[in-house]
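# Tertiary structure, described
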Amino acid sequence: ESPDPIEAIKIRMEEMQLKPVDLINELGGKNRVSEILNRKRKLTVEMIRNLTKRLNISPEVLIREYQLNG
């Protein structure tokens, strides 16, 4: 089974040697990056579009459902 959207993002960040701060423009701020990567907030359509371009991840992977923490 393929990884959920957040795992896919983390895997691609590792492959591209990116840090969370590198996704500020795509996700809308440092706090937003943290909320997304820690599963406190869902990805928006705009975030998915931005991540598709930046990380070259298929939108189909990013639109999958995933559980939030807390």
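Before reading further, recall that the structure is shown in the block above.
### Focus: the overall build of the chain
- Looking only at helices and strands, the chain has 5 helices and 0 strands in total.
- Ordering the α and β elements of the chain from the N terminus gives α-α-α-α-α.
- Radius of gyration (C-alpha) of the chain: 11 Å, near the 11 Å computed for a compact globule of 70 residues.
- Structurally, the chain occupies a C-alpha span of about 30 × 25 × 20 Å along its principal axes.
- Of the contacts formed within the chain by residues at least 6 apart in sequence, a portion of 62% connects residues at least 24 apart.
- Within the structure as shown, the chain displays about 4800 Å² of accessible surface, and the carbon and sulfur contribution to it stands at 46%.
- Distance between charge centroids for the chain: 5 Å, based on 13 positive and 11 negative side chains.

### Remarks on the side chain of glutamate 26
- Residue placement: glutamate 26 occurs in helix α2 (residues 24-27).
- Among the polar contacts made by the side chain of glutamate 26, one reaches the side chain of arginine 54 at a distance of 3.4 Å.

Thresholds, definitions, all that
Residues numbered from 1 in each chain as written. Predicted model: local features only at pLDDT ≥ 70, side-chain atom pairs only at ≥ 80, totals over all residues. Heavy atoms only, no water. Helix = DSSP H or I, 4+ residues; strand = E, 2+ residues; numbered from the N terminus. Rg over C-alpha atoms; globule rule 2.2 N^0.38 Å. Contact = heavy atoms within 4.5 Å. Areas by Shrake-Rupley, 256 points an atom, 1.4 Å probe, with all protein chains shown as cover. Lys, Arg positive; Asp, Glu negative; His and termini not counted. Charge placed at Lys NZ, Arg CZ, Asp CG, Glu CD. Polar contact = N/O pair within 3.5 Å; in protein donor to acceptor, adjacent residues only side chain to side chain.

Purely geometric numbers; function is a separate question.
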